[in-house]
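# Inside the fold
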Amino acid sequence: MTEPMPSNLHDLLDDMAKRCTSCGVCVRSCDFLRRSGSPAALARQGREDGAVLLRAYECSLCGLCDALCPQRLSPAAMFLAMRREAVKTGRVDAKTYRPWLSYEKLGGALPFRRYALPPGCTTVFFPGCSLPGSRPQAVLSLLAALRRGDPAVGLVLDCCGKISHDLGYGESFERISESLRRRLQGSGVRRILTACPGCDLMLRKLDGDFEVRGIYEVLTEGDAVAETAPNRGTVAVHDPCPSRFDPKRQQAVRELIRRAGYAIEELPEHGRTTRCCGQGGMVEGVRPGAVDREAARIAAQGQGRPLVSSCAACVNALGRRAEAYHVVDLLGGEALPSRRPLSSARRWFNRLRLRLTRLP
Ligand code: SF4
Ligand code: SF4
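Residues numbered from 1 in each chain as written. Chains lettered and ligands numbered in written order. Predicted model: local features only at pLDDT ≥ 70, side-chain atom pairs only at ≥ 80, totals over all residues. Heavy atoms only, no water.

### Quick notes on the overall build of the protein
Just so we agree on the cut-off: Secondary structure counts use DSSP, requiring at least four H or I residues in a row for a helix and at least two E residues in a row for a strand, with both numbered from the N terminus. For this measure, only C-alpha atoms enter the radius of gyration; the expected value for a globule follows 2.2 Å times N^0.38, where N is the number of residues. Think of it in three bands: with a 1.4 Å probe and only protein chains considered, a residue is buried below 20% of the maximum accessible area for its type, exposed above 50%, and partly exposed in between. Residue contacts follow a heavy-atom distance rule, with two residues in contact if any of their heavy atoms lie within 4.5 Å. Accessible areas in this description were obtained via Shrake-Rupley with a 1.4 Å probe; residue shielding takes into account the shown protein chains only. Charged residues are defined narrowly, with Lys and Arg counted positive, Asp and Glu counted negative, and His plus the chain ends left uncounted. By convention, charge coordinates are those of NZ in Lys, CZ in Arg, CG in Asp, or CD in Glu.
When you go through the protein residue by residue, the secondary structure sums to 17 helices and 9 strands. For 360 residues, the compact-globule estimate of 2.2 N^0.38 gives 21 Å, and the C-alpha radius of gyration of the protein, at 20 Å, lies within 12% of that figure. Expressed as a percentage of its 360 residues, the buried residues of the protein come to 52%. Long-range pairs, those at least 24 residues apart, make up 71% of the contacts in the protein between residues at least 6 apart in sequence. For the protein, the exposed surface amounts to about 16,200 Å²; the carbon and sulfur share of it is 51%. Side-chain charges in the protein split into 54 positive and 38 negative, and the spacing between the mean points of these groups amounts to 5 Å.

Rendered as structure tokens:
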């Protein structure tokens, strides 16, 4: 784990400037730091010149530096704090991030929100936005699997606020988070099962007494996912960067892949040191082509093997450069479907349809 850091940006920059030894470990693994200098150098520049705060929008907040730092520092936390300060001081041009912020706003709006809670429901499945958009049937199958163990499991389609959080719109994130907390708590929900690693992180920040768990761990605990015949092929696992410090989720995803009959060959960078698929931190806003470059890098590590991830957004990104699947695509026991990327309109339609579908 990283060391606790001060909460105030000024102290945080001072702390990084003092404690980062500019050893170069994180710099060697990160294109942004290679271009910009060590976290200590950026902290020193940030203290002198407010315009440097905007450099933080080139950081994907992927946390690889945190995982590698021998001093147990968190450059990712510093770059997020720089983003927040840049927003607070009016340095960010909101137009740059309008597509992401509009996506978040619409996704959390009433036509897309759903609280389907059977009587006695205290546990809900919270699939996020990318999985319902790309695989609405899989959401229903996962819910049905959970309900075989507990018929009162509910379904919540709502927004976790990660876009506002990562872009540094702290007040907007707090608003989204607080409304979500009120809706969940007001409905008697105590336990939240997540599919998306980003939602998982955000829901763990909710100011309430919720138990948050990944659905993949829960699925490995019972017999909801049976073993199928082995030798269906070999895949490589891409661990999403929000779950780099979540070994339980990483192991559960691998267990489900094995149960589905696939062997795993690990990517050179996986688990704690996994790479971001390129979508993290919405870097694309200031570095066009970031998603394509990072997806190509991970595809090259996969050496032609199909890539499997537990994040539907990662799968969308990786699918630009490789055969890529969500772990739930493997669970049906059938041959892997050939998937063409869905248009944005199709994904919104899928979400709307799921909002209106009669549940199993
Ligand atoms: S969080 Fe990721 S992109 Fe940002 S500085 Fe660290 S390694 Fe680089
Ligand atoms: S690994 Fe840690 S000490 Fe080394 S340059 Fe990066 S933040 Fe500084």
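### Considerations on helix α6 (residues 75–88)
Structural remark: α-helix, 3.6 residues per turn; residues separated by three or four positions point the same way. Quick note on the threshold: A helix's residues, less one, multiplied by 1.5 Å, set its expected span.
Between its first and last C-alpha, α6 extends 20 Å over 14 residues, near the 20 Å set by a 1.5 Å rise per residue. Elements that come into contact with the buried residues of α6 comprise α1 (9–19), α3 (31–36), α4 (39–48), α5 (64–68) and α10 (162–167). Of the residues trailing α6, Gly-90 is marked for its positive phi of about 70°.

### Remarks on the sheet that holds strand β5 (residues 211–214)
The following threshold applies: Paired strands are those between which DSSP finds at least two bridges. Think of each axis as a best-fit line through the C-alpha atoms, taken over the contacting stretch in the case of a helix, with angles from 0 to 180 degrees between the N-to-C directions.
Spatial ordering of the open sheet is given by β1-β3-β2-β4-β5, a layout of 5 strands whose pairing is mixed. Taken across any chain shown, the strands that pair with only one partner, and hence form the sheet edges, are β1 (114–116) and β5. Going across the sheet, the axis of each strand differs from the next one's by a mean of 25°, ignoring polarity. Relative to strand β3 (residues 154–157), strand β2 (residues 123–126) runs parallel, the two being bridged by 2 bridges. In the sheet register, Phe-125 faces β3, and the bridge partner there is Leu-155. Those strands touched by helix α11 (residues 170–186) are β1, β2, β3 and β4 (191–194), and its axis lies near 20° from that of β1.

### Remarks on the pairing of β3
Covered by surrounding structure in β3 are Gly-154 and Val-156 together with Leu-155 and Leu-157, the residues of both alternating faces. Relative to β3, β1 runs antiparallel, the two sharing 3 bridges. Within β3, the position partnered with Arg-114 by the bridge is Leu-157.

### As for the site of ligand 1
Condition: Only heavy atoms are used to decide nearness, and a residue is near a molecule or strand if one of them lies within 4 Å of it. Residue polarity follows a fixed list, in which Ala, Val, Leu, Ile, Met, Phe, Trp, Tyr, Cys and Pro are nonpolar, Asp, Glu, Lys and Arg are charged, and the others, Gly among them, are polar.
Neighbouring ligand 1 are the residues Cys-30, Phe-32, Leu-33, Cys-59, Ser-60, Leu-61, Cys-62, Gly-63, Leu-64, Cys-65, Ala-76 and Phe-79. Secondary-structure elements contributing two or more residues to the shell around ligand 1 are α3, α5 and α6. Here the residues of the shell around ligand 1 are counted per class, giving 10 nonpolar, 2 polar and no charged.

### Considering the nonpolar core
Cut-off, in case you're wondering: Think of a nonpolar core as a cluster: buried Ala, Val, Leu, Ile, Met, Phe, Trp, Tyr and Cys residues, connected wherever their side-chain atoms sit within 4.5 Å. Just so you know, the domain bounds were taken from an automatic or database domain assignment.
Ranked by internal contacts, the top residues of the largest apolar core, which has 36 residues, are Phe-125, Ile-215, Tyr-216 and Ile-257. Secondary-structure elements contributing two or more residues to this core are α9 (136–149), β3, α13 (215–221), β6 (234–238) and α14 (247–259). In terms of residues, this core owes the most to one element, α9, which gives 7 residues. Residue-level mapping places this core at the junction of two domains, with at least three residues from each of domain 2 (101–221 + 346–356) and domain 3 (234–340). Each residue touching Phe-125, except ones within four places of it in the same chain, is listed here: Val-139, Leu-142, Leu-143, Leu-146, Val-153, Gly-154, Leu-155, Val-156, Leu-193, Thr-194, Ala-195 and Ile-215.

### Considering the side chain of His-165
Along the chain, His-165 falls in helix α10. Contacts of His-165, omitting those with residues within four sequence positions, involve Leu-80, Arg-84, Phe-173, Met-202 and Lys-205.

### Quick notes on unusual backbone geometry
Look at Arg-72: it is not a glycine, yet its phi comes out positive at around 60°. Mapped onto the fold, Arg-72 is located in the loop between α5 and α6. On the basis of relative accessibility, which here comes to 45%, the residue Arg-72 falls in the partly exposed class. Although it is not a glycine, Gln-303 sits at a positive phi angle of roughly 50°. By secondary structure assignment, the location of Gln-303 is in the loop between α15 (290–302) and β8 (307–309).

### Here we look at the pairing of β2
Side-chain alternation along β2 places Thr-123 and Phe-125 on one buried face and Val-124 and Phe-126 on a second face that is also buried. With 4 bridges connecting them, β2 and β4 associate as parallel partners. Within β4, the position partnered with Phe-125 by the bridge is Leu-193.

### Notes on the sheet that holds strand β7 (residues 263–264)
Taken in spatial order, the 4 strands make up an open sheet running β7-β6-β8-β9, and their pairing is parallel. Single-partner strands in this sheet number two, and they are β7 and β9 (324–326). Bridge count between β8 and β9: 3 bridges; the pairing is parallel. From the neighbouring strand, Val-308 faces β9, where its bridge partner is Tyr-325. Its contacts with the sheet place α14 against β6, β7 and β8, and it is angled at close to 165° to β6.

### Quick look at the packing of aromatic side chains
Two aromatic rings are characterised by how far apart their centres lie and by the angle between their planes. This is how the line gets drawn: When the centres of two rings from Phe, Tyr and Trp lie within 6.5 Å, Trp using its six-membered ring, the rings pair. Their planes under 30 degrees apart give stacked, over 60 give edge-to-face, and anything left gives tilted.
Summed over all chains, the structure comprises 5 aromatic pairs. Between the aromatic rings of Tyr-103 and Trp-348, the centroid separation amounts to 5.3 Å while the plane-to-plane angle is 55°, which identifies the pairing as tilted. Of this pair, Tyr-103 sits in helix α7 (residues 98–107) while Trp-348 sits in helix α17 (residues 344–356), and the two are 245 residues apart along the sequence. For Tyr-103, a relative accessible area of 30% translates into the label partly exposed.

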